[in-house]
Amino acid sequence: QVQLVESGGDLVQAGGSLRLSCAASGRIFNIAAMGWYRQAPGKQRELVATITSGGRTNYADSVKGRFTISRDNAKKTVYLQMNSLKPEDTAVYYCSAEISIYAGGSYYPSWGQGTQVTVSS
């Protein structure tokens, strides 16, 4: 059983900062890509940022220059530093990770339960 647990969501004023964390635990052999997605009310879930095991990153255009994704492979944790937050960043943020549970096994996506980020104007 694999678990992803997010933390760090909060209510913050526009222009403020938050740091999200997501820790993976359970039966894990290896983790490939990790990422953050978000879903605002009435909208589809969208990609925010991803990071490979080697540290290569990818960002949605809407967050480039404001958000930074990073990971600690030893801790099986991914982070999202969010600066210059805007009201349109308000959403539930979900962590995702591609995980294999044994050597040579396939990788499957796992998801956290989400953490609420609310940015007031």
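Refer to the structure presented above.
Rules of the game
- Residues numbered from 1 in each chain as written.
- Predicted model: local features only at pLDDT ≥ 70, side-chain atom pairs only at ≥ 80, totals over all residues.
- Heavy atoms only, no water.
- Core = buried A, V, L, I, M, F, W, Y, C linked by side-chain atoms within 4.5 Å.
- Buried < 20%, exposed > 50% of the residue type's maximum accessible area, 1.4 Å probe, protein only.
- Helix = DSSP H or I, 4+ residues; strand = E, 2+ residues; numbered from the N terminus.
- Contact = heavy atoms within 4.5 Å.
- Pairing = 2+ DSSP bridges.
- Axes fitted to C-alpha atoms, helices over the stretch in contact; angles between N-to-C directions.

**Student:** Help me out: how do you make sense of the nonpolar core in this one?
**Tutor:** Where a protein is soluble and globular, its nonpolar side chains tend to be buried together. Core analysis: the biggest nonpolar cluster contains 30 residues, and W36, L80, M82 and Y93 have the highest contact counts within it. Put simply, the parts of the chain that give this core at least two residues each are β3 (18-26), β4 (30-39), β5 (46-51), β7 (67-72), β8 (77-82), β9 (91-100) and β11 (115-120). It is β9 that provides the largest number of residues to this core, a total of five residues. Aside from chain neighbours lying at most four places away, what touches M82 is G16, S17, L18, L20, R66, F67, Y93 and V117.

**Student:** In this structure, what is going on with the sheet that holds β7? I would like to understand it.
**Tutor:** Paired through their backbone hydrogen bonds, the strands of a sheet run either parallel or antiparallel. Read across the sheet, four strands follow the order β1-β3-β8-β7 without closing on themselves; strand pairing throughout is antiparallel. Single-partner strands in this sheet number two, and they are β1 (2-7) and β7. The mean inter-strand angle of the sheet, taken between neighbouring strand axes irrespective of direction, is 15°. Bridge analysis of β3 against β8 gives six bridges, and the strand direction is antiparallel. Looking at the pairing, C22 lines up with V78 of β8.

**Student:** How should the environment of Y102 be read in this particular structure?
**Tutor:** Take Y102: it is sitting in the loop between β9 and β10 (108-111). Overall, the relative accessible area of 48% leaves Y102 in the partly exposed class. Each C-alpha atom, one on Y102 and one on I28, is 7.3 Å from the other, the two residues being 74 residues apart in sequence.

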